[in-house]
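Residue strings, one per chain:
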Amino acid sequence: MNPAELYLDFPLLRDNDDEERLIFLDNAATTQKPDTVINAVSAYYRESNANVHRSPYRLGEKSTDLYESARSKTARFIKTADDKEIVFTRGVTESINLLATILSDQLLKPGDVILLTEAEHHSNIVPWQIIAKRCGVKLEFVKLHGDGRFDLSEIESNWNPKTKVFSFQHASNVLGTIHPVNELCEIARCKGAVSIVDGAQSVPHFGIDVSDMGCDFYTFSGHKMVGPTGIGALYGRRELLERFDPAFGGGEMIKRVSLFESEYNDVPHKFEAGTPNIAGAIGLGAAIDYLEKLTMKKVESMVNSLAAYALERLSTIEGLAVHGPQTDRTGAISFWMDGIHPHDIASLLDGDNIAVRAGRHCAEPIMNWLKRPATTRASFYIYNIREDVDRFIDSLNRIRGLFKNVS
Amino acid sequence: MSHDKIYSEVLLDHNRHPRHSGELTNPDISMDGANPMCGDEITMYASVEDGTLVDVAFRSTACAICTASASMFCEMAKGKDFDHIHQHDQLMRKLMHGEKLEHDERRALADMNSLEGVSKLPVRVKCAMLVWETWELMKQKLKEINKV
């Protein structure tokens, strides 16, 4: 594993016949997969496929072992000692919808408040809007300040005593800001609210310790950290997972079923109705292995130094403004170029085989806060190299020239 | 394969200096159009009389392809009857589908020919078509209020 050439581990980046190597800078949306992850998923179907927790034969034991060992890896990866605190879901979107459903049925009363922030991805806004409409709870939002941060004292002084849930992102998918989650969880705990942290943009980038953080729930998606799509995890404090009834019924989540009543299974299985995404969980385990072999310290420093280099070079382009902080950030960099719409930039970069995102990034409220109709976003990950930044900057300068030459 | 050629000088010129950009003082109708996924937004203003688009203007917060296409639409449509516009609608759709066009069809399209390269970027075709989709909505509303 040579950190300077990690893209060689990723067949999509390594094995294409394009004239110019593909430079993939849309990693905040999804990441590419290394051979080890693709092979783990494929090997499962070739060698170990059987349903889990129910098949009375050796193959079923094998698949169950693989599935549960992926759970142990996931628990260890975000530093909980208890595997049973990990529920496999499809990812952050499903996790938050699951929590919104459970909490609206079993905790929230009409008039209660759910506190979110202006920086959230739609997946941490829309599920709450749906239940707010359904059960008469109110939504409130923490404001963004300066280069995209929250004011902790403002959160405390504006705290509505009716707030029962505080759900917020660990890092922004648009601005790259890393928020002080320990302090945010502490505020929720002191005020007696359930804390939910969206880790979609943080777990891929640096080591996470849910025990130290003091959150009630934490969730992330596998596909943004070199894992397969359709698999993610929801961490929940054991006591809370045990207290709440499941939202979905079916196989695996029960101990006993009669015609009119059922006894639910233990955690985490009671939240995993039906045959789970076994191959996905095993692929997620392989993704964790890949990142841990590299170490999360190394992941963090690699992406940080690339982002710093990109920010430095972007600052030399005339009429270009970066949105978001210069430091304490992830590798997601959103920017605006005067006189050129983000979609035109993205199409022209695509012509140079450079993939970036343009648009509202599933975070329309943050676009309103920025007063931009859309932004261009380049997001870096472990397989990007300095040469990628150089080619990206060269292309931006050429695009600038193309639009400038029209008098 | 560079996409620079798609952004031809004619297209970029219509983006930089959009024709009929702004609002009409007393339009008979106005209509908003949007591509929610990418954030393109336009508003069209029109005055109509006896099946003719007497005057037309637009405002946009949009990409170059969308703005240029709207500018070209207004240039083509102002003072023309709905049939004339409909013929160009058909030609524009042919152009976006990458279909072969005859010489006289090319001539009729005028500056709109410069949008041809957009057909090679399927995700951007909706940007070029936004003004046309908005015009469709406008015609429907005109029918509802018995203006045509």
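Shown above is the structure to which this text applies.
None of the values given here were measured: they were computed from a predicted structure.

> What is the right way to read the overall build of chain B from this model?
Helix and strand content of chain B: 5 helices and 4 strands. Along chain B, helices and strands appear, N-terminal first, in the series α-β-β-β-α-β-α-α-α. Here chain B has a C-alpha radius of gyration of 15 Å; the compact-globule value for 148 residues is 15 Å, and the two agree. Taking the principal axes of the C-alpha coordinates as reference, chain B spans close to 50 × 35 × 25 Å. For chain B, buried positions account for 50% of its 148 residues. Across chain B, every contact between residues at least 6 apart in sequence was considered, and the portion connecting residues at least 24 apart equals 58%. For chain B, the computed accessible surface area is about 7,300 Å², with 47% contributed by carbon and sulfur atoms. Averaged over its 18 positive side-chain charges, chain B has a centre that lies 4 Å from the centre of its 24 negative ones.

> What is the right way to look at the layout of surface pockets in this model?
Rolled over the atoms, a probe with the dimensions of a water molecule shows which regions are left empty. Reported here for the largest pocket is a volume of approximately 480 Å³. Surrounding the largest pocket, 23 residues form its lining, His343, Arg357 and Ala358 of chain A together with Cys38 and Val123 of chain B being those nearest its centre. When contributions to the lining of the largest pocket are tallied by element, the ones reaching two or more residues are helix H12 (342-351), strand S13 (354-355) and strand S14 (357-359) of chain A. Take the lining of the largest pocket: its biggest share by element is 4 residues, from H12 of chain A. Taken together, the residues of the lining of the largest pocket break down into 11 nonpolar, 6 polar and 6 charged.

> How should the packing of helix H11 (residues 296-314) of chain A against helix H14 (residues 386-404) of chain A be read in this particular structure?
All names here are of chain A. Two elements in contact, H11 and H14, have axes whose closest approach is 10 Å; the angle formed by their N-to-C orientations is 20°. In terms of their interaxial angle, H11 and H14 are classed as roughly parallel. Crossing of H11 over H14 shows right-handed handedness. Contacts between H11 and H14 pair Leu306, Tyr309, Ala310, Arg313 and Leu314 from the former with Arg386, Val389, Asp390, Phe392, Ile393, Asp394 and Leu396 from the latter. Residue composition of the contact of H11 with H14, grouped by class: 8 nonpolar, no polar and 4 charged.

> Help me understand the side chain of Thr134 of chain B in this model?
Within the secondary structure, Thr134 of chain B sits in helix H5 (residues 125-144). Setting aside residues no more than four positions away along its own chain, Thr134 of chain B makes contact with Met31, Asp32, Gly33, Ile42 and Met44 of chain B.

> Looking at this model, I keep getting lost on unusual backbone geometry. Mind explaining?
Residues and elements named next belong to chain A. In this structure, the amide linkage connecting Val267 to the following residue, Pro268, adopts the cis form with an omega of 0°. The topology assignment puts Pro268 in the loop between strand S10 (262-264) and helix H10 (278-294). Even without a glycine there, the phi angle at Asp328 is positive, about 50°. Looking at the element boundaries, Asp328 is found in the loop between strand S11 (320-323) and strand S12 (332-337). The exposure class of Asp328 is exposed, given its relative accessible area of 54%. Notably, His361 is not glycine yet its phi reads approximately 55°, a positive angle. Along the chain, His361 falls in the loop between S14 and helix H13 (364-370).

> What is the right way to look at the packing of helix H3 (residues 58-77) of chain A against H10 of chain A in this model?
Residues and elements named next belong to chain A. In contact at an axis separation of 8 Å, H3 and H10 are set at 40° when each is read in the N-to-C sense. Overall, the two elements H3 and H10 adopt an arrangement that is oblique. In this structure, the crossing between H3 and H10 has a hand that is left-handed. Contacts between H3 and H10 involve Leu66, Tyr67, Ala70, Lys73, Thr74, Arg76 and Phe77 from the former and Ile278, Ala281, Ile282, Leu284, Gly285, Ile288, Asp289, Leu291 and Glu292 from the latter. Along the lines of polarity and charge, the residues of the contact of H3 with H10 split into 10 nonpolar, 2 polar and 4 charged.

Reading the values: the criteria
- Residues numbered from 1 in each chain as written.
- Chains lettered and ligands numbered in written order.
- Predicted model: local features only at pLDDT ≥ 70, side-chain atom pairs only at ≥ 80, totals over all residues.
- Heavy atoms only, no water.
- Helix = DSSP H or I, 4+ residues; strand = E, 2+ residues; numbered from the N terminus.
- Rg over C-alpha atoms; globule rule 2.2 N^0.38 Å.
- Buried < 20%, exposed > 50% of the residue type's maximum accessible area, 1.4 Å probe, protein only.
- Contact = heavy atoms within 4.5 Å.
- Areas by Shrake-Rupley, 256 points an atom, 1.4 Å probe, with all protein chains shown as cover.
- Lys, Arg positive; Asp, Glu negative; His and termini not counted.
- Charge placed at Lys NZ, Arg CZ, Asp CG, Glu CD.
- 1 Å grid on protein atoms, 1.4 Å probe; cavity = no way out; pocket = protein on both sides within 12 Å on 5 of 7 lines; lining within 4 Å.
- Points joined across faces, edges and corners; volume = space filled by probe spheres on them.
- Nonpolar A, V, L, I, M, F, W, Y, C, P; charged D, E, K, R; others polar.
- Axes fitted to C-alpha atoms, helices over the stretch in contact; angles between N-to-C directions.
- Parallel < 35°, antiparallel > 145°, perpendicular 65-115°, else oblique.
- Left-handed = near helix turned anticlockwise from the far one by under 90°.

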